[in-house]
Amino acid sequence: MNKDVIKTVDQLKVYLNTMKVDSDLKSDIIEGLAQNSMSLTITHHVLNLIDWNNPSTDPIRKQFLPLHSEYLPSHPQSRIDSLSEKKQEVSSGLIHRYPNKLLFLSTNYCPTYCAFCTRSYTVSNDTEFLKKSKLEEAFKTRVNNLVKYLKSNPNISDIVISGGDIASASTSMIDIILSAIINIQTLKTVRLATRTLLFNPDIFLPKTQLFELITKYSSRFKSQGIELSIQCHFNHANEISTTSQEATNSLFNSGVKIRNQTVLLNGVNSSHEAQKELIHKLISSNIEPYYVYQMDMVTNAEHFRTSLKTCIDISKSLTGLFPGFHLPRFIVDLPFGGGKRSVYEYDFYDDKYGVYWFRSPAISDDKIYFYCDPLKYLNAHIQEQWIRKKSISAIYNLD
Ligand SMILES: *Cc1c(COP(=O)(O)O)cnc(C)c1O
Ligand code: SF4
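Scope of this entry: the structure provided in the associated data block. In this text the structure is predicted, and so the values were computed from the model without any measurement. (Residues numbered from 1 in each chain as written. Chains lettered and ligands numbered in written order. Predicted model: local features only at pLDDT ≥ 70, side-chain atom pairs only at ≥ 80, totals over all residues. Heavy atoms only, no water.)

Once that is clear, we can look at the site of ligand 2. Neighbouring ligand 2 are the residues Met38, Cys110, Tyr113, Cys114, Cys117, Gly164, Arg195 and Phe199. Across the shell around ligand 2, the residue classes tally to six nonpolar, one polar and one charged. (Near = heavy atom within 4 Å. Nonpolar A, V, L, I, M, F, W, Y, C, P; charged D, E, K, R; others polar.)

Okay, here's the thing in structure tokens:
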């Protein structure tokens, strides 16, 4: 398996030479790596999905090998842990934000790293300028804590097991988690979050250890009245290879529901056509389009962000083109832990400073949350104010 993964700059250079990537673009890619918040790890499967005849516009290249020349300065209000997950962590890797739902971070690793990762504060190895906050406790201790937490909070009926990527953990680790929670009767839904149906779909094919494990647990959970599902992450139709489809169709035929989450990324899938094509391909691969996320205000990923209006406009343009149950929900996950809201649910939009204000009653009765558009959508004078004043409280004289 290791020989299918590129982890060093030298290995990547060899690959780029084989693909006859021109030398300017090659240097731009290599310099881009030095700026990336994520360490270098990319499967050959992903590299081979890139159209190396048109690499500068390729939607897959952009996500995993951003160019030095593509990076933009972060919005002053961006944060490495933009969702404030650390503040809502009740024990190592256990994030409790919503009353009835729990998020378990099983691992810090993924088989390939996305340059826009919202969890860059903890996922991947350290990079030159970003020391990661790693999961502190040993895996078994964390699973024990999870079970204790679920037992003492019987109102929690849903758990998302994520990371990192659950499929980068060994199947025995997944086995340990699932066997630990299968008898917790207050659970109704368990979701396994993974992007490996893109990164390395082979390991999800019928007869593999992982496939057998998931389908076995899916039936066992079902007989306990619990739905075990997969939550995957495809951002562009080109990512869904025939192997991915073979895996998702087989999982579906074995009774495993798969829902997709997409991140809206500037220049990758930020158009009506790209989203429409993706939804078509998801549906024909037996994957339910679940969410399209407005890109989070995460540090060092500014060039991936669009305005919130772009997201709203794409959403509006798709309504009516698909059966309603196939339409994804367009969501913004609010900075500082405000949680997910529909992009339409803001109370107020300040178009001068590009700030959307939201309430989030499920999280807090009195707090007000915000999302800021990228500075490039604002006029030069306002951009300058943001850069000088640096924070939303200074912009609005809130201190
Ligand atoms: C997204 C998320 C969930 C699951 O939310 P759904 O909207 O039900 O998919 C649970 N906990 C946390 C902390 C989350 O970020
Ligand atoms: S797969 Fe998910 S957790 Fe892993 S790098 Fe990509 S966005 Fe981050």
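Compared with the 16 Å implied by 1.5 Å per residue over twelve residues, the 16 Å span of helix 9 (residues 242-253) between its first and last C-alpha is a close match. Those residues of helix 9 not exposed but buried are Thr243, Ser244, Gln245, Ala247, Thr248, Ser250 and Leu251. Looking at the packing, one finds that the buried side of helix 9 touches helix 7 (196-199), helix 8 (209-223), strand 8 (227-232), strand 9 (258-264) and helix 10 (272-284). (Helix = DSSP H or I, 4+ residues; strand = E, 2+ residues; numbered from the N terminus. Expected span 1.5 Å × (residues − 1). Buried < 20%, exposed > 50% of the residue type's maximum accessible area, 1.4 Å probe, protein only. Contact = heavy atoms within 4.5 Å.)

Bringing the environment of Ser82 into the picture now. The residue Ser82 is located in the loop between helix 4 (59-64) and strand 3 (89-91) in this model. On a C-alpha basis, the gap between Ser82 and Ile50 in space is 29 Å, while along the polypeptide they are 32 residues apart. Setting aside its immediate chain neighbours within four residues, Ser82 contacts Asp296, Met297, Val298, Pro335 and Phe336.

Quick look at the pattern of salt bridges now. All chains considered together, the criterion is met by 15 salt bridges. The closest approach of N and O atoms between Glu227 and Arg259, which form a salt bridge, is 3.2 Å. One end of the pair, Glu227, is in strand 8; the other, Arg259, is in strand 9, with 32 residues separating them in the sequence. With its nearest N and O atoms 3.0 Å apart, the salt bridge here joins Arg388 to Glu384. With Arg388 and Glu384 both in helix 12 (residues 380-389), this residue pair falls four residues apart, about one helical turn. The structure contains a network of salt bridges with shared partners spanning Glu227, Lys257, Arg259 and Glu288. (Salt bridge = Lys/Arg side-chain N within 4 Å of Asp/Glu carboxyl O.)

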